[in-house]
Amino acid sequence: MQAAAGSTVSRRLLGRLRDVMAAGGSAQERLDKVVKLIAADMVAEVCSCYVMRAGEVLELFATEGLLKTAVHETRLRVGEGLVGDIAAHARTLALSDAQSHPNFAYRPETGEEIFHSLIGVPIVRGGRVIGVLVVQNKSSRNYTEEEAETLETVAMVLAELVGAGELIGRDELASVDGNALLPVRLEGTKLTGGVGVGIAVMHEPQIVIERLVAEDPDHEKERLRDAMKAMRRKLDEMFEAQDLAMGGEHRDLLETYRMFAEDAGWMARISEAINSGLTAEAAVQKVHEDTRVRMAQVTDPYLRERLHDLEDIANRLLGHLVGKEGGSASRGDLPENTVLVCRTLGPTELLDYDRSHLRAIVMEEGSPTMHVAILARALDIPMIGRAQDALRRINNNDTVIVDADNAQIFVRPSDDILDAYAASQLIRAQKLAAYAAMRELPAVTRSGESVRLMINAGLLVDVTQLEVTGAAGIGLYRTEMPFMSQPRMPDVANQTVLYSNILDQAGDRPVVFRTLDVGSDKLLPYWHSDPEDNPALGWRSIRITLDRPAVLRHQLRALLRAGSGRDLHVMFPMVAEVAELDRLKSILALEQQHQANQGVAPPSSLKVGAMMEVPALAWQLPALLDRVDFLSIGSNDLAQFLFAVDRGNPRISDRYDVLSPAMLSFLRMMAQAADAKGVPLSVCGEMAGRPLDAMALLGVGLRALSMSGPQIGPVKAMVRSLSLPALETYMAGLYDLPSHSVREELRHFAIDHGVVI
Ligand code: PEP
Ligand code: MG
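Residues numbered from 1 in each chain as written. Chains lettered and ligands numbered in written order. Predicted model: local features only at pLDDT ≥ 70, side-chain atom pairs only at ≥ 80, totals over all residues. Heavy atoms only, no water.

1. What to know about the overall build of the protein chain
The helix and strand tally for the protein chain stands at 28 helices and 22 strands. Per-residue burial for the protein chain yields a buried fraction of 56% across its 757 residues. A separation of at least 24 residues holds for 68% of the contacts in the protein chain among residues at least 6 apart in sequence. As displayed, the protein chain has an accessible area near 31100 Å², and 51% of this comes from carbon and sulfur atoms. (Helix = DSSP H or I, 4+ residues; strand = E, 2+ residues; numbered from the N terminus. Buried < 20%, exposed > 50% of the residue type's maximum accessible area, 1.4 Å probe, protein only. Contact = heavy atoms within 4.5 Å. Areas by Shrake-Rupley, 256 points an atom, 1.4 Å probe, with all protein chains shown as cover.)

Quick look at the structure:
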C-alpha cells in the first residue's frame, strides 16, 4: 500500500515537473521553479540545487528556503560538507540530525543553522556527478525510502537540465577539473599489457532521453517488453557472429549476458520506476544510475563484477528503447586512434567498438578477473583499471598515453613525453618485426645449447600464438581460464570438446594441461566459498580438488577422452607433499580404469607432472622425482612462499627479487637434482618470460621455459646471443653473496657480453 502511495506522490510531482520543463523560460528560471515545487511537494522548508563547476566546486544554483543571497555565492569543494560528501561518494545521504554529522560544514551566508534534518541525492549524468539536490527540514525527521526514491527520480530530470549546457556552458561541463588543460599523470593497475597512444573518447551513454515522464505505465511496460525482445534478438545475432570470428570464450561471456538480461529482480526494479511515472527509457536510465551508485558501495568483488554486467545490459536496453540499438553510444565516427575512458565497461560494449580503432582502454574500476579484462587480453588491447578519477581528469579529445606495462596514464602529455613514447613505439614495432623474422630460427645459444621455449595459454586465442611464435609447445595450459569465463561449471562433454580442440590446434606440439588451479585470486563465478584471511595460503588448487574429487575426476575424464590415442601431459599444481601427489595419481588411475571399462582407447602416452610451487616439496625431491615424468617450477607462487610475500599485494609484491641468491640457489638445486634423475624440468612463472631473468634461469641449469606468446621473441633473442659457459662461470660467484638481489650484476654481465636483454 505504502509503495503505491509513494508512487502516486512521485508521479504527481513528475507530472508537475514536466509542465515546468515544458513551460519555457531560461534554465535558471526553470531550476528556480523546480526547487520550489519539490519543497512544496515534500513538505520541506528547504530545497536546494548545487551544480558542479570547473575545479570540482559545487555551487548553490537555486534554493527555496535558504537565503537567496547565498545563490551563486555558496560553494563547496567535492568532499567538503554534506553536499560535498554526497558528490564525492555519489550516494544518497539522509540524516535526521545533520549538524551532528562529522562532515557538516556550516555556511553562515545560507542561514541554514535552523534546519536539522537533511536528505541529499547526487545528480548523475554519464557516470559523473554533476550536481547535488538537497532537501532540509526544521524538525528532526527520518526521511522514508519512498522520499529518497522520489528525490533520486527528480535528480534524473535535473541531470538533463544541467547537462543540456544552458546553466553552465558545455565546455565547463566537460572540464570538471580545474587543471583541465595541464598535463596529468594517473596511476592504475595493469589489466592488459602494452602501450597505446590516442585521443580520449568518453564511453558514456550519449543517448538523449527526450521524454522522461509518461502518463500510461502500461504502455511503457509494453515498450519495455518489446525492447527486451529486440535486445535478446540482437544478442543472439551477436552470439552467432562472434562464434564465427572468435574463440569459444566470447560465446561464454555473451551467454552470461543473456542470463542477466533475463534477471527478474532487475526487471522488477525497472517496472517499479515506470509505476512511479517515468517513461520506459527514463526508468532504465534510473536503474542504470542506481546500479552505478550501488556499485561504488559494494566491496565484494564477485558482486561488483555481476553489477557491471547488469549495467552493460541496461545500456544496451536503453539503446533499443530510443532506437539506437548498436549500444549506448554512437560508435560510428570513432577516431582511428581511440583511447576509451570509462568508469567500467561490459564485454558486449567492448565488442560494439571497432577493434581496429581502439588503442587502449582506461577504466576507473576493474579487476583482472573481470570478463572485459579477459576479453581485452584476448583482443590484445592495453588496458588499465582502477585509474582513480580518470573520468574527472580526462576530457573528450585529450591526447592520452596509456602505458599499461607500467600502469601509468599520461593525459595531455608534453611534446617531450609524446616524442619519447613515439620513439619507443617505433622501437617496439621494429623489435616485433625482428622477433617475427626470428620465428624460424632455432632457440640455440651461441655456445650451442638448445633451449625449449614454450607458451603459456588459457584462452583459445592464446593457442594461436603457437603458430605466430613457432614455440615448441604449450608448457602450461591454465585450465581454470575457461572455467572462469563460463556461467556454470563446464561438464565432461564440454571439457572434452575444449581440450580436444586445443590438442588439434597444437598438432604435433605437446600441451601440458594443468588441472584446475582455482582459489586465491582466481574465483569461479559459480563456486562460493567462505572468505579466508589468507586466501593465497588457503583452500585453493589441488586442496579444493582433493576435497571435491568429483570435479577432478570429471576433468581427468575429459582430458583422457580428449587425449585418447594421442600424447597427453597432465600436471598437478600447488603440490605441497608427495602424499598429495600419490592421492592425485590414484584418482588419475581410477579414471584410466574407468576409461578402459568404457572401451575408450587410452592416450598413446600419458606423462604426469607436478608443479614446484610450495617449497616443502623440495625437501622430498628423491621421492618426488621417482613419481613424476616431468616437473615445472611455478616461480610466481614459489617466490610468494619462499619469501612469505603476497604476490597480489602491490605494497610488498616487489619487496624481494627472484634474482636473489636465495631464489637462484633454490632453482640451481632443483635443476641439478632433476638433471641427475633425467627428469625434464621447466619454469612457467612470469620470470621465464623476462629476458634477463630467463638468462639467469639458463645460468642455473634450466633448459625449458614457458611464457606468454609475445615474450617468446625477446627471450629467443636473448638465448641466441648468450654464451652459456661464460655465464655459468660468472654466476658461480653470485650464489653465496649476502645480497638482496644480484639483478644488477646479471645486467652488467649481459651488457658486457652482448646478451640481448
Ligand atoms: C606460478 O605460480 O608461477 C604459475 C605459473 O601459476 P599461476 O601464476 O597460474 O599461479
Ligand atoms: Mg601458481
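2. Section: the packing of aromatic side chains
Tallied over the full model, the rule gives five aromatic pairs. By way of ring pairs, the aromatic residues Y477, Y499 and F513 are connected into one cluster. Above the plane of the ring of Y735 lies R668, whose end atom (NZ or CZ) is 3.7 Å from the centre. (Phe/Tyr/Trp six-rings, centres within 6.5 Å; stacked < 30°, edge-to-face > 60°. Lys NZ or Arg CZ within 6 Å of the ring centre and 35° of its normal.)

3. Here's the deal with the site of ligand 1
What surrounds ligand 1 is a group of 14 residues, the closest being R514, E613, G634, N636 and R647. At 2.8 Å, a side-chain N or O of R514 approaches an oxygen atom of ligand 1. Contact between ligand 1 and E613: an oxygen atom at 2.8 Å from a side-chain N or O atom of the residue. If ligand 1 stood free it would expose 290 Å²; the protein chains cover 98% of that surface. Every element with two or more residues in the shell around ligand 1 is listed here: β16 (474-478) and α23 (635-642). In terms of residues, the shell around ligand 1 owes the most to one element, α23, which gives three residues. Across the shell around ligand 1, the residue classes tally to three nonpolar, four polar and seven charged. (Near = heavy atom within 4 Å. Polar contact = N/O pair within 3.5 Å; in protein donor to acceptor, adjacent residues only side chain to side chain. Nonpolar A, V, L, I, M, F, W, Y, C, P; charged D, E, K, R; others polar.)

4. Here's the deal with the packing of helix α2 (residues 27-41) against helix α4 (residues 145-163)
Between α2 and α4, whose axes approach to 11 Å, the crossing angle comes to 175°. Taken together, the axes of α2 and α4 lie roughly antiparallel to each other. Touching A27, R30, L31, V34 and I38 of α2 are L151, V154, L158 and L161, all from α4. The class makeup of the residues in the contact of α2 with α4 is eight nonpolar, no polar and one charged. (Axes fitted to C-alpha atoms, helices over the stretch in contact; angles between N-to-C directions. Parallel < 35°, antiparallel > 145°, perpendicular 65-115°, else oblique.)

5. Examining the sheet that holds strand β2 (residues 57-64)
Strand order in this open sheet of six strands is β3-β2-β1-β6-β5-β4, and the pairing throughout is antiparallel. Every interior strand has two partners, whereas the edge strands, β3 (75-77) and β4 (93-95), have only one. Pairwise comparison of adjacent strand axes, ignoring direction, gives a mean angle of 20° for this sheet. Bridge count for β4 against strand β5 (residues 117-125) is three bridges, and the pairing is antiparallel. Among the inter-strand pairings, A94 is bridged to a residue of β5, identified as I119. Strand contacts of α2: β1 (46-53), β2 and β6 (128-137), with the helix running at about 65° to β2, the strand carrying the most contacts. The strands that helix α3 (residues 81-89) touches are β1, β2, β3, β4, β5 and β6; relative to β6, the one it contacts most, it runs at about 140°. (Pairing = 2+ DSSP bridges.)

6. A word on the sheet that holds strand β9 (residues 195-202)
The strand order across the open sheet formed by eight strands is β7-β14-β13-β9-β10-β11-β12-β8, and the pairing between neighbours is mixed. What marks the edges here is a single partner per strand, and that holds for β7 (184-187) and β8 (189-192). With direction set aside, neighbouring strand axes in the sheet form an average angle of 30°. Taken together, the two bridges between strand β11 (residues 358-363) and strand β12 (residues 383-385) define a ladder with parallel strand orientation. In the sheet register, V362 faces β12, and the bridge partner there is I384. In the packing of helix α14 (residues 415-437) onto the sheet, contacts are made with β9, β13 (399-403) and β14 (408-411), and the angle to β9 comes to roughly 125°.

7. Considering unusual backbone geometry
One non-glycine residue, A90, lies in the positive phi region at around 50°. Mapping A90 onto the fold places it in the loop between α3 and β4.

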